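Structural features, examined
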Amino acid sequence: MKEIIGVRFKKACKIYYFDPCKIQFEKGDKVIVNTIKGMEMGEVVIENSQIDETKFQNEISEIVRKALDSDIKIKQENKIKAKEAIKICEEKIDEFDLDMSLVDCEFTFDRSKVIFYFTSDRRVDFRDLVKDLASIFKNRIELRQIGVRDQAKMMGGMGICGQVCCCHRFLKDFTPVSVKMAKEQNLTLNPSKISGTCGRLMCCLNYEQEVYDEISKKLPKVGQKVITEDGMGYVVGNDIILEKSKVRIMNNDQEFEKFYSENQMEKLDEFNENYIQKSYQNEMDDNDN
């Protein structure tokens, strides 16, 4: 077993594990550690814990020290410097007429590097910009291109639900989201309704998808023939929330539609191919419109 602490460097970002060097930490404590970017200050989010070290592929690094008041002051000064650096960088971007949008800037704790984050729809030749910035700040300069989702995660913003974006509040990683999820959840495919502030599909479409998939497996597919207490019919739709299928019953020259739960139907192997083809054609027509 290995004693570790969990450290996070930014809000709602990945947690990294370090050896506390037999020092007892509490949540919220600040620590100084070595990272691939250089020396950084992070916040303890997981107190001293014993974990099987075989679960870690790489060796766990030791902390440098518990942060001092002077360290916290340096961190605050770095944030002020970063704001000033953003203004300078934006002026230089305009000067070089580069097609890029600056999102954020940060100084490493030891001020050995200045990192600028930007978005762009294409590749940008920023070599001259880097040289100019390096001569101004007398530091190593890194320009890092990020996606619109990462931009939303950094900057935050309000979602259509009225709350701060999930990615900014608590999501550590982005998971794939597809239009298929919106279809299966019977949501309108209006982009303004299912897109987040970043312009991509909302991350929250993924929250309930596992439940939709589980219930969908239990219910018959659209077009499948079933036997109910009212006679034989075929499924014309499924309501995942109610966990019921809408069945069109054709009995004694009568035709009507009614909802049935899974235990009220007996599935048959046959499908109503005409209905499936018609539904597919209607869907294609809707997409063309």
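My aim in this report is to walk through the structure given alongside it, one point at a time. Note that residues are indexed from 1 along each chain, following the sequence as it is written. Note on the predicted model: pLDDT of at least 70 is required for a residue's local features to be given, and 80 or more for side-chain atom pairs to be given and counted; whole-chain, interface and lining totals, by contrast, use all residues. Think of the side-chain values as coming from all heavy atoms in the structure, minus any hydrogens and water.

1. Quick look at helix 7 (residues 209-218)
Only protein chains enter the accessibility calculation, which uses a 1.4 Å probe. A residue is then buried if its area is under 20% of the maximum for its type, exposed if over 50%, and partly exposed in between. Helix and strand definitions here come from DSSP, where helices need a minimum of 4 consecutive H or I residues and strands a minimum of 2 consecutive E residues; each element is numbered from the N-terminal end. Taken together, the buried positions of helix 7 are Gln209, Tyr212 and Ile215. An end-on view of helix 7 places all buried positions within 130° of arc, on one side of the element. Helix 7 presents Glu210 and Lys217 as exposed residues on the side facing more than 90 degrees away from its buried surface. We call two residues contacting when some pair of their heavy atoms lies within 4.5 Å. Those residues of helix 7 that are buried lie in contact with helix 5 (179-184). Note: the arc covers the axis-to-C-beta directions of the helix.

2. A look at the layout of surface pockets
Taken as a whole, the largest pocket holds about 1,900 Å³ of empty space. A cavity here means a set of points on a 1 Å grid, drawn over the protein atoms and nothing else, where a 1.4 Å probe fits but cannot get out; a pocket is an open set with protein on both sides within 12 Å along at least five of seven lines, and a residue lines either one if it has an atom within 4 Å of a point. Taken together, 48 residues form the lining of the largest pocket, with Arg8, Phe9, Lys10, Cys13 and Lys37 sitting closest to its centre. Every element with two or more residues in the lining of the largest pocket is listed here: strand 2 (16-18), strand 3 (30-35), strand 4 (38-51), helix 1 (69-96), strand 6 (101-107) and helix 3 (148-155). Ranked by residue count, the leading element in the lining of the largest pocket is helix 1, at 8 residues. When grouped by side-chain class, the residues that make up the lining of the largest pocket number 20 nonpolar, 9 polar and 19 charged. Grid points are joined across faces, edges and corners, and a volume is the space filled by probe spheres set on the points. Here the second largest pocket is characterised by a volume of approximately 680 Å³. Taken together, the elements giving at least two residues each to the lining of the second largest pocket come down to helix 5 and strand 10 (231-239). When residues in the lining of the second largest pocket are grouped by element, the largest group, 3 residues, is from helix 5. When grouped by side-chain class, the residues that make up the lining of the second largest pocket number 6 nonpolar, 4 polar and 5 charged. Each residue is assigned to one of three groups, with Ala, Val, Leu, Ile, Met, Phe, Trp, Tyr, Cys and Pro labelled nonpolar, Asp, Glu, Lys and Arg labelled charged, and all others, Gly among them, labelled polar.

3. Examining the pattern of salt bridges
What makes a salt bridge here is a side-chain nitrogen of Lys or Arg within 4 Å of a carboxyl oxygen of Asp or Glu, nothing more. Counted by the stated rule, this structure contains 18 salt bridges. Of the charged contacts in the structure, one is a salt bridge between Lys113 and Glu142, with a shortest N-O distance of 3.2 Å. Of this pair, Lys113 sits in strand 7 (residues 113-119) while Glu142 sits in strand 8 (residues 140-145), and the two are 29 residues apart along the sequence. The salt bridge involving Lys180 is made with Glu184; its shortest N-O contact spans 3.9 Å.

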